[in-house]
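# Fold and geometry: a report
Given next are the chains, with one letter for each unit.
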Amino acid sequence: MNQIANEIHTQEQLLYNQKSSWECLVVKPANKWVEEAKNRPIPNMLFSEFWYEGELCILFADTNIGKSILAVQIADSISKGESINGFKNQCIPKTVLYLDFELSDKQFENRCSDNYKNHAELNTELNIPKEFKSIEDYLSHSLQNIIIEKQIDTVVIDNLTYLKSDNERAKDALELMKLLKKLTKTSNTSILVLAHTPKRDDTKPITKNDLAGSKMLMNFCDSSFAIGGSSIDTSYRYLKQIKQRNTEHIYHGNNVAICQLTKRTNFLCFEFLEYGIELDHLKQFNHNDLSERDDQMRDMIDQGLSNVKIAHQLGISEGAIRKRRKALNV
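Residues numbered from 1 in each chain as written. Predicted model: local features only at pLDDT ≥ 70, side-chain atom pairs only at ≥ 80, totals over all residues. Heavy atoms only, no water.

All right, on to the overall build of the protein then. Within the protein one finds eleven helices and eleven strands. Burial status across the protein gives 44% buried among its 330 residues. Expressed as a percentage of contacts within the protein between residues at least 6 apart in sequence, the contacts between residues at least 24 apart total 60%. Total accessible area on the protein stands at roughly 18,400 Å², and carbon and sulfur atoms take up 48% of it. (Helix = DSSP H or I, 4+ residues; strand = E, 2+ residues; numbered from the N terminus. Buried < 20%, exposed > 50% of the residue type's maximum accessible area, 1.4 Å probe, protein only. Contact = heavy atoms within 4.5 Å. Areas by Shrake-Rupley, 256 points an atom, 1.4 Å probe, with all protein chains shown as cover.)

This brings us to helix 9 (residues 290-302). Helix length check: helix 9, at 13 residues, gives a terminal C-alpha distance of 18 Å against a target of 18 Å (1.5 Å per residue), a fit within 8%. Looking at helix 9, one finds that the buried residues are Arg-293, Asp-294, Met-297, Met-300 and Ile-301. Summarising the axial view, the buried residues of helix 9 lie within an arc of 125°, below the 170-degree limit, and thus occupy one face. The inward-facing, buried residues of helix 9 contact helix 10 (307-314) and helix 11 (318-328). One or two positions beyond helix 9, positive phi appears at Gly-304, with a value near 85°. (Expected span 1.5 Å × (residues − 1). Arc of directions from axis to C-beta.)

All right, on to helix 11 then. Each α-helix turn comprises 3.6 residues. Residues three or four places apart therefore point the same way. Buried within helix 11 we find Gly-319, Ala-320, Ile-321 and Arg-324. Summarising the contacts, the buried residues of helix 11 are in contact with helix 8 (278-281), helix 9 and helix 10. Note on helix 11: the residue one or two positions beyond its end, Asn-329, has a positive phi of about 60°.

Let's shift gears to the packing of aromatic side chains. With the rule as written, the count across this model stands at nine aromatic pairs. Grouped by ring-pair contacts, the aromatic residues Phe-47, Phe-50, Phe-87, Phe-225, Tyr-251, Phe-272 and Tyr-275 constitute a single cluster. (Phe/Tyr/Trp six-rings, centres within 6.5 Å; stacked < 30°, edge-to-face > 60°.)

Don't take any of this as a statement about function, it's just geometry.
Put into structure tokens, the structure is as follows:
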């Protein structure tokens, strides 16, 4: 038995030390991979189970749902080493680079007065050097340099469209995700990328297919989560996990994180309320007009119907009725 074990060990060492003819592949015995992985630290949460250290994560939502607002809030919490109420941040303060390609400086100032480590926006008057084919190529090159020079731990890119104008095309999406994935590996950087969804059906649950260019983008990211609007209240939002590698699927359709969009002092933010069911917040086929549903609910209340009976007739949960009654003060 000892002879066999020694032979196995010898062959493993030969395999480990051998120069492979496939130089783009790193070949090691399985035990060696496990042994090396044990020596690396366990990734900490940056934003609960939605986003971990070292991950390339995609946050997507429809227009005007609040992607940038939440991204700024997350970046602010990471830079301070503090958790957002209702969510977890296991890290000490990190240097955050927020690449804002949508808002002007005054628009950003209007949203929040809390400035964190670094904040950048696209220089639209820039002359592209001859060695770069496009603004996207030059931007990607600049991003790699600033991560190294400023020793950036965490990057938030707002949004995907400005890194690659044709991200819905498979070839361009693949090129972009390879670059971002490479950055997480070579520079040990955590990257959160914001992305839009095409016009989606608000009566259906959010899925990976709602992300523009979803197939390639989802294949290369480590994790992804989405923001959905709510039919219960226009200020309500819910967060749902779409993809995860470092954790179980926790924030699924039956356990989404419900938040309210609010402004505390000068900081527009997501305020955690509770956990809920996605179905309760989707628009209903027969009652997709909120004001119409509110009128129907008031009539049923005047008739003395219970919350349970009202919920049954409107096709939503009793908890949704309670929340809406509270919001309307009826």
